[in-house]
Amino acid sequence: MLRNTKTGYGRVAILFHWVMALMIAGMLAFGLYMTSLPSDDPELFTLYQLHKSIGFVVLALAALRLTWRLANPSPRLPDGMHPLERLGAHLGHIGLYALLFAMPLTGWLMASASPWGIPTIVFNVLPVPHLPVPEVLGTQAEAESFFKLLHAYGAYLLIALIFVHIAAAFKHHLIARDDTLKRMVSTAPARADN
Ligand code: HEM
Ligand code: HEM
């Protein structure tokens with residue numbers, strides 16, 4: 001059962017979800033940790049380069065995941081949800097997807113705008129070009145600060161959304177007692193589609 005059905009997620013979507021959930025949680029903690037270090041920490045450069053490299057893996061996975069999502073049926077939300085809850089669920093998922101792209105992209109733009117001009121070489125193997133930075137953003141340092149701010153606020157927004165997302169998953173599981181959490185763990189609900 002690789003593909004989604006109207007009643008649940010297939011193996012590929014489940015694998016994408018949990019691999020990326022771990023990577024995102026790890027990258028949020030990583031980003032907050034490395035920016036809390038003193039600027040003369042000898043490991044800082046290596047940590048920043050590792051953060052950037054993993055960020056590009058997240059970007060590639062996000063693109064593959066969205067493609068897979070669009071090429072598959074989307075499981076229906078459980079019956080009996082209030083229209084506002086349905087709207088909240090859709091907006092929440094759109095927000096999460098948007099931030100899966102926005103975090104690496106603002107990071108990439110920040111690195112591209114930086115007056116330091118440090119090249120990005122993913123895991124020291126794959127060179128990534130700098131993105132063009134719009135001139136309206138001012139000097140390179142100003143543009144870098146702008147994307148730094150977007151990257152940091154994006155991270156705080158993502159953390160908030162993840163907390164709401166997890167709370168919603170447990171509300172479905174423990175209070176509504178429907179298949180929502182089960183279908184992100186097992187393909188059994190997907191197989192029930194006929
Ligand atoms: C899933 C993707 C990513 C996540 C979740 C993430 C998360 C974070 C977080 C939480 C911070 C700390 C923000 C703060 O409090 O100032 C941070 C900082 C940073 N990130 Fe990312 N990041 C991601 C991808 C990237 C990518 C792809 C790049 C560059 C190519 C990048 C470059 C940076 C840099 C340079 C900083 C340090 C900013 C500073 O010095 O204040 N990040 N990131
Ligand atoms: C930590 C980062 C996480 C991110 C970025 C994330 C992101 C997402 C996204 C984008 C979807 C929509 C999937 C789709 O329809 O294509 C989703 C679904 C889901 N997530 Fe997460 N998730 C995270 C963590 C978690 C955790 C920790 C749980 C459980 C406690 C969870 C439970 C679920 C469930 C049950 C669904 C299915 C919702 C439905 O069937 O409509 N997620 N998640």
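Up top you'll find the structure we're talking about.
Residues numbered from 1 in each chain as written. Chains lettered and ligands numbered in written order. Predicted model: local features only at pLDDT ≥ 70, side-chain atom pairs only at ≥ 80, totals over all residues. Heavy atoms only, no water.

(A) Structural detail: the environment of Leu 50. Inspection of the secondary structure assignment puts Leu 50 in helix 2 (residues 44-70). Taking the C-alpha atoms as reference, Leu 50 lies 23 Å from Gln 140; in sequence the two are 90 residues apart. Apart from the residues within four sequence positions on either side, Leu 50 is in contact with Phe 30 and Phe 123. (Helix = DSSP H or I, 4+ residues; strand = E, 2+ residues; numbered from the N terminus. Contact = heavy atoms within 4.5 Å.)

(B) Expanded view of the site of ligand 2. In the vicinity of ligand 2 there are 19 residues, among which Tyr 9, His 17, Tyr 97, His 165 and Arg 183 approach most closely. Here Tyr 9 contributes a side-chain N or O atom positioned 2.8 Å from an oxygen atom of ligand 2. A distance of 2.8 Å is found between an oxygen atom of ligand 2 and a side-chain nitrogen or oxygen belonging to Arg 183. With respect to the pocket detection grid, ligand 2 is positioned in the largest pocket. Looking at the shell around ligand 2, the elements that each hand over two or more residues are helix 1 (11-36), helix 2, helix 3 (83-113) and helix 4 (140-176). With 5 residues, the single largest contributor to the shell around ligand 2 is helix 4. A breakdown of the residues in the shell around ligand 2 according to their chemical character gives 12 nonpolar, 4 polar and 3 charged. (Near = heavy atom within 4 Å. Polar contact = N/O pair within 3.5 Å; in protein donor to acceptor, adjacent residues only side chain to side chain. 1 Å grid on protein atoms, 1.4 Å probe; cavity = no way out; pocket = protein on both sides within 12 Å on 5 of 7 lines; lining within 4 Å. Sits in = over half its atoms within 2 Å of the grid points. Nonpolar A, V, L, I, M, F, W, Y, C, P; charged D, E, K, R; others polar.)

(C) Inspection of the layout of surface pockets at higher detail. Of the pockets and cavities examined, the largest pocket occupies roughly 1300 Å³. Taken together, 48 residues line the largest pocket, and the ones lying closest to its centre are His 17, His 93, Leu 96, His 165 and Ala 169. Looking at the lining of the largest pocket, the elements that each hand over two or more residues are helix 1, helix 2, helix 3 and helix 4. With 14 residues, the single largest contributor to the lining of the largest pocket is helix 4. The residue makeup of the lining of the largest pocket, split by class, is 30 nonpolar, 11 polar and 7 charged. (Points joined across faces, edges and corners; volume = space filled by probe spheres on them.)

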